[in-house]
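A structural walkthrough
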Amino acid sequence: MAHNDGGLRCLSNIPLSDIREAESRLRGVSVRTPLIPYNVEDCSGQQIYLKLENLQTIGSFKLRGAYYAIKCLDPSVLKHGICTSSAGNFGQGLAWSAKQLDIPCTVIVPENAPTIKLEAIARHGGNNVSIKQIPYLEWWDVMCKHYYPGMQGTFIHPVCDADVIAGIL
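Counting of residues starts from 1 at the beginning of each chain's written sequence and follows it residue by residue. Only residues with pLDDT of at least 70 get local features here, since the model is predicted, and only at 80 or more are side-chain atom pairs given and counted; chain-wide, interface and lining totals rely on the full set of residues. Side-chain measures here rest on the full set of heavy atoms in the structure, leaving out hydrogens and waters.

**Regarding the overall build of the chain**
Counting from the N terminus, the helices are DSSP H or I runs at least four residues long and the strands are E runs at least two residues long. In terms of helices and strands, the chain carries seven helices and seven strands. Whereas a compact globule of 169 residues would reach a radius of gyration of roughly 15 Å, the chain reaches 17 Å, a difference of no more than 12%. A principal-axis box enclosing the C-alpha atoms of the chain has dimensions of 55 × 35 × 30 Å. Think of it in three bands: residues with accessible area under 20% of the maximum for their type are buried, residues over 50% are exposed, and the middle band is partly exposed, with areas taken using a 1.4 Å probe on protein chains only. By the burial criterion, 43% of the 169 residues in the chain qualify as buried. Here, two residues are considered to be in contact whenever any of their heavy atoms come within 4.5 Å of each other. A fraction of 66% describes how many contacts in the chain between residues 6 or more apart in sequence connect residues 24 or more apart. Counting only carbon and sulfur atoms, one obtains 52% of the accessible surface of the chain, whose full area is about 9,300 Å². Between the centroid of the 15 positive side chains of the chain and the centroid of its 15 negative side chains there is a distance of 5 Å. Atoms counted for the radius of gyration: C-alpha only. Globule rule: 2.2 Å times residue count to the power 0.38. In these tables, accessible area is a Shrake-Rupley quantity obtained with a 1.4 Å probe, and a residue counts as shielded only by the protein chains included in the view. Note that His is not counted, nor are the chain ends; the positive residues are Lys and Arg, and the negative ones are Asp and Glu. Throughout, a charge is located at the NZ atom of Lys, the CZ atom of Arg, the CG atom of Asp or the CD atom of Glu.

**Remarks on unusual backbone geometry**
In this structure, D102 is a non-glycine residue whose phi angle is positive, near 55°. With respect to the element layout, D102 can be found in the loop between α4 (89-101) and β5 (105-110). Residue D102 is classed as exposed on the basis of its relative accessible area, which comes to 62%. For H146, which is not glycine, the phi torsion reads 60° and is therefore positive. Along the chain, H146 turns up in the loop between α6 (136-145) and β7 (153-155). For H146, a relative accessible area of 12% puts it in the buried group.

**Considerations on the pattern of salt bridges**
Basic side-chain nitrogens of Lys or Arg form a salt bridge, by our definition, when they fall within 4 Å of a carboxyl oxygen of Asp or Glu. For the structure on display, the rule yields five salt bridges. Across the pair R64 and E53 runs a salt bridge, and its minimum N-O distance is 2.7 Å. Residue R64 is found in helix α2 (residues 62-71), and its partner E53 is found in the loop between β3 (48-51) and α2; the two are separated by 11 residues along the sequence. When sorted by exposure, R64 lands in the same class as E53, which is buried.

**Considerations on the packing of aromatic side chains**
For any two aromatic rings, the description comes down to two numbers: the centre-to-centre distance and the angle of the planes. Each Phe, Tyr or Trp ring, with Trp reduced to its six-membered ring, pairs with another whose centre is within 6.5 Å; inter-plane angles below 30 degrees give stacked pairs, above 60 give edge-to-face pairs, and intermediate values give tilted ones. Applying the stated criterion across every chain yields a total of three aromatic pairs. Look at Y136 and W139: their rings are 5.6 Å apart centre to centre, the planes differ by 40°, and that puts the pair in the tilted class. Separated by three residues within a single helix, Y136 and W139 lie in helix α6, roughly one turn from each other. The class for Y136 is partly exposed, based on a relative accessible area of 38%. Since its relative accessible area comes to 9%, W139 is described here as buried. Three or more aromatic residues joined by ring pairs make a cluster, and in this case those are Y136, W139 and W140.

**A word on the pairing of strand β4 (residues 82-85)**
With burial as the criterion, each face of β4 is covered, one bearing I82 and T84 and the other bearing C83 and S85. The criterion for strand pairing is that DSSP finds at least two bridges linking the strands in question. Taken together, the four bridges between β4 and β5 define a ladder with parallel strand orientation. Within β5, the residue paired with S85 across the bridge is I108. By the criterion used throughout, a crossover qualifies as right-handed when its path from the first strand across the helix to the second strand runs clockwise, the strands pointing away from the viewer. The parallel pair β4 and β5, bridged by α4, forms a crossover whose chirality is right-handed. Sheet topology places β4 next to β7; two bridges connect them, and they run parallel. When the sheet's bridge partners are listed, I82 is paired in β7 with T154.

From the geometry alone we can't say anything about function, so treat these as descriptive.
Following this line, the structure appears as C-alpha cells:
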C-alpha cells in the first residue's frame, strides 16, 4: 500500500515541541555527538565548532531524521513497510532504522548512485531492505512527486518531511 496523502506540514513551521519530542524518542538510538573547536587562523575573532556527526552508526545525522519519522507513523501502517528515494545517507538511515524496527524497507536510488552508497544501504538494512535502481530522471520524479508506481509502504521523503527535519534538528 503506497501512502502519500499530501498532508505534509510546512517545513518552515516545525514547532520546538516536535524537536524536543524527537530528541526524547531518539535517546539511546543515536549518538549525542560532540562539538569540538576548530582552530583556524584568521577567522575574524569568531570561534568555529565542528559537530562530529560522523560518529553516528551510519556516519551521518540523517539516521535521526529517518528513525524519528518512522516512529511518528501509525504502527498499523508499518506492516506494509516504508520506502524512500535517496542516493545516499538518508537511504542508509532509513535502512538501518528499518532493520532495528524489523520493518520492510525499499530505497529507490538513481542508476548512477555510487557503489559505496549502495553497499552501505544494503549493509545497514540487511534482510529488511531492497534497493531499486532506476534512471536518474525517473528517480528525480519520485523525489518531486513523493511516489513511485508500484511502491509498497509509506513513503518517507528525505528532505520534505517535517518529522524527518524535526529528528535531524
